[in-house]
Amino acid sequence: MRSILRLRSIQGRYTTAAMALLLVVLVVVGASCDLVIRYRIEDDAFKNAERVASQWSAAARTGGMPEMIPASGGVDLVQLVDARGAVLRASRHAAGRAPLSTVRPPSDDRFERLHGDGLLLMAIRVSPAPDAPVIYAGSAEPPLLGGRYLELFLAMAALVLLVLAGWLTWWVVGRTLRPVAAIRARMAEITGSDVSLRVPVPAGEDEFVLLARTANQSLERLQEAVEQQRQFASTTSHELRTPIAGLRMQLEEALLYPDEVDAVDSIRGALSATGRLEAIVNDLLLLARLRVAEPAARELIDLGKLVMEEATQASQSAGVAVYVHAASGVWVSGSQIRLIRVVGNVLSNARRHAAASVEVSVEAVDGQAVLAVVDDGAGVAPADRERVFERFTRLADGRRRDAGGSGLGLAISRDIAEAHRGSLRIEDSPRGARFVLRLPLLHAQSGIEGSASIDHYGPAPTDHAHPPPAGASDAEPPGANSPKTMKTSHLHLPETHGLVGAWSGWDGTDPRLSWNPTD
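Residues numbered from 1 in each chain as written. Predicted model: local features only at pLDDT ≥ 70, side-chain atom pairs only at ≥ 80, totals over all residues. Heavy atoms only, no water.

1. Brief notes about the pattern of salt bridges
Evaluation of the coordinates by the stated rule reveals 17 salt bridges. Of the charged contacts in the structure, one is a salt bridge between arginine 38 and aspartate 34, with a shortest N-O distance of 3.7 Å. Here aspartate 34 and arginine 38 lie together in helix H2 (residues 10–62), a separation of 4 residues that amounts to about one turn. Overall, aspartate 34 belongs to the buried group, its relative accessible area being 11%. Between arginine 84 and aspartate 82 there is a salt bridge, with its nearest N and O atoms 3.6 Å apart. Classification of aspartate 82 by relative accessible area gives buried; the value is 11%. Sharing partners across several salt bridges, the network here consists of Arg425, Glu427, Arg434 and Arg438. (Salt bridge = Lys/Arg side-chain N within 4 Å of Asp/Glu carboxyl O. Helix = DSSP H or I, 4+ residues; strand = E, 2+ residues; numbered from the N terminus. Buried < 20%, exposed > 50% of the residue type's maximum accessible area, 1.4 Å probe, protein only.)

Structure (structure tokens):
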């Protein structure tokens, strides 16, 4: 068995195993057939001999035996032998011969089968008397039994069957494995520089067809990955070349013309270029971790509260007005740090392209937590809605508004969303661009992802005249025993233009927002 397992070829292993198993079966069947055939032939011969011997035994008792006993039924050897061993009567083929046997049946058992000296005989005592003669009747053993021809015939038949079965197994297994050989040959032709080849798919719906289809799907994904890596390497080198070239030029200029170049300005410019390089490298590392690293530890996150906090931080910098309509209790599971990155990137992108305001909403819809960020800018053309999520892709308007961006923020945001089993895309909007983040919603009581309906919550208030502050959210964590009603926080973050806003006059029941401008 170990030698069989050491065979390298599956075709050889299967053929050898099949032949070994068949050999065992043939040995057992051959031995059984030999015994059955021998028993059947001998039994028939003894029955004929017993019939003839019984007939002449009765004739001997009545004294009616002829001088020459005739043969009958294939029994050609018949003798009547007395107690002293003298042949009294015989058939033509037994005449002139010594007694066929010296064995005399006992008086209490007149019949006895005798097998020896190449003869099959039936011995019958004529009477129970001690000196009673004995009738011997039988024939020579058939050559099929006497010369071991039966065993030889069975062995030859088994050998033919074994060879035929081995050849058939070899042919069937070889034909079955033919698609594997074709797949292996094609896979050997595929190199790292050319992954466009595909393995042949055989006809049918067996396991080899599934293997070929899976291999082609893997090759397609590999080709996409290789093309993305090539494009990524080309684009990355192009994006890194510009700040590196600027940094090199500034440093060389400072060295070549020390008296004409302001060292502080040169250092400041070098630091700016270094900061951009650092931002690009950090974004690239984050993208690599998102693609190949283990998933980050998950935690329960109130998406509405997270958006309110991020919008509050965004309001501290000069910009456009931000209106937030966040439903509390919209729980999701994921990495809070990475979801903060997504919300920050989308808000930053919306504020960059907005003309006057940005509207942000968080709600639960059809078992999903939905974050929508809408600006009132020029919007994104339908043909560019997928391009903006590609690495280093920046539209002309984005370059004009922020020349120092890396073009990786939205690509990172989409990867984070997909890592959370969600999606991030641009949807139709009456004005501007509408970025929509969808994540699996958690049941408020069980904390398990599943289908949830907006019907679990009450209707959201629509009064925007007196919105409460960002900290007014009173969402309860999963497992709280409070009723599931919609608690919506509205935050209006106006353009400060250098003014510092402060919350005042909020007593928790009639929240109102007032701004006290200070110099």
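Having seen the model, we can carry on.
2. With respect to the packing of aromatic side chains
A complete count under the given rule lists 1 aromatic pair for this structure. Residues phenylalanine 389 and phenylalanine 435 carry aromatic rings whose centres are separated by 6.2 Å and whose planes lie at 70° to one another, so their mutual orientation is edge-to-face. On the criterion of sequence distance, the pair formed by phenylalanine 389 in the loop between strand S11 (368–375) and helix H10 (396–401) and phenylalanine 435 in strand S13 (residues 434–440) is long-range, its members being 46 residues apart. Phenylalanine 435 carries the same exposure label as phenylalanine 389, and that label is buried. Taking NZ or CZ as reference, arginine 414 lies 4.0 Å from the ring centre of phenylalanine 389, over its face. (Phe/Tyr/Trp six-rings, centres within 6.5 Å; stacked < 30°, edge-to-face > 60°. Lys NZ or Arg CZ within 6 Å of the ring centre and 35° of its normal.)

3. Some details on the nonpolar core
Val307, Val324, Val358, Val360, Leu371 and Val373 are the most contacted members of the largest nonpolar core, which has 50 residues in total. Ranked by size, the runner-up nonpolar core spans 15 residues in total, among them Ile69, Val75, Ile124 and Ala137. (Core = buried A, V, L, I, M, F, W, Y, C linked by side-chain atoms within 4.5 Å.)

4. Describing the environment of tryptophan 331
Mapped onto the elements of the fold, tryptophan 331 is located in strand S9 (residues 331–334). Look at tryptophan 331 and you get buried, because its relative accessible area is 10%.

5. Overview of the sheet that holds strand S3 (residues 87–91)
The strand order across the open sheet built from 6 strands is S1-S3-S2-S6-S5-S4, with neighbouring strands paired in mixed fashion. A single partner strand is all that each edge strand has here, and the edge strands are strand S1 (68–69) and strand S4 (111–116). The pairing of strand S2 (residues 77–81) with strand S6 (residues 134–140) spans 5 bridges and is classified as antiparallel. From the neighbouring strand, leucine 77 faces S6, where its bridge partner is glycine 138. (Pairing = 2+ DSSP bridges.)

6. Topic: the packing of H2 against helix H4 (residues 149–176)
Two elements in contact, H2 and H4, have axes whose closest approach is 9 Å; the angle formed by their N-to-C orientations is 155°. One finds that H2 runs roughly antiparallel with respect to H4. Of the two elements, H2 crosses H4, and the hand of that crossing is right-handed. Of the residues contributing to the contact of H2 with H4, the split by class is 17 nonpolar, 7 polar and 3 charged. (Axes fitted to C-alpha atoms, helices over the stretch in contact; angles between N-to-C directions. Parallel < 35°, antiparallel > 145°, perpendicular 65-115°, else oblique. Left-handed = near helix turned anticlockwise from the far one by under 90°. Nonpolar A, V, L, I, M, F, W, Y, C, P; charged D, E, K, R; others polar.)

7. Observations concerning the environment of threonine 16
Examined against the element boundaries, threonine 16 turns out to sit in helix H2. Given a relative accessible area of 31%, threonine 16 falls into the partly exposed group. Note: C-alpha distance between threonine 16 and tryptophan 170 (154 residues apart in sequence) is 9.0 Å.

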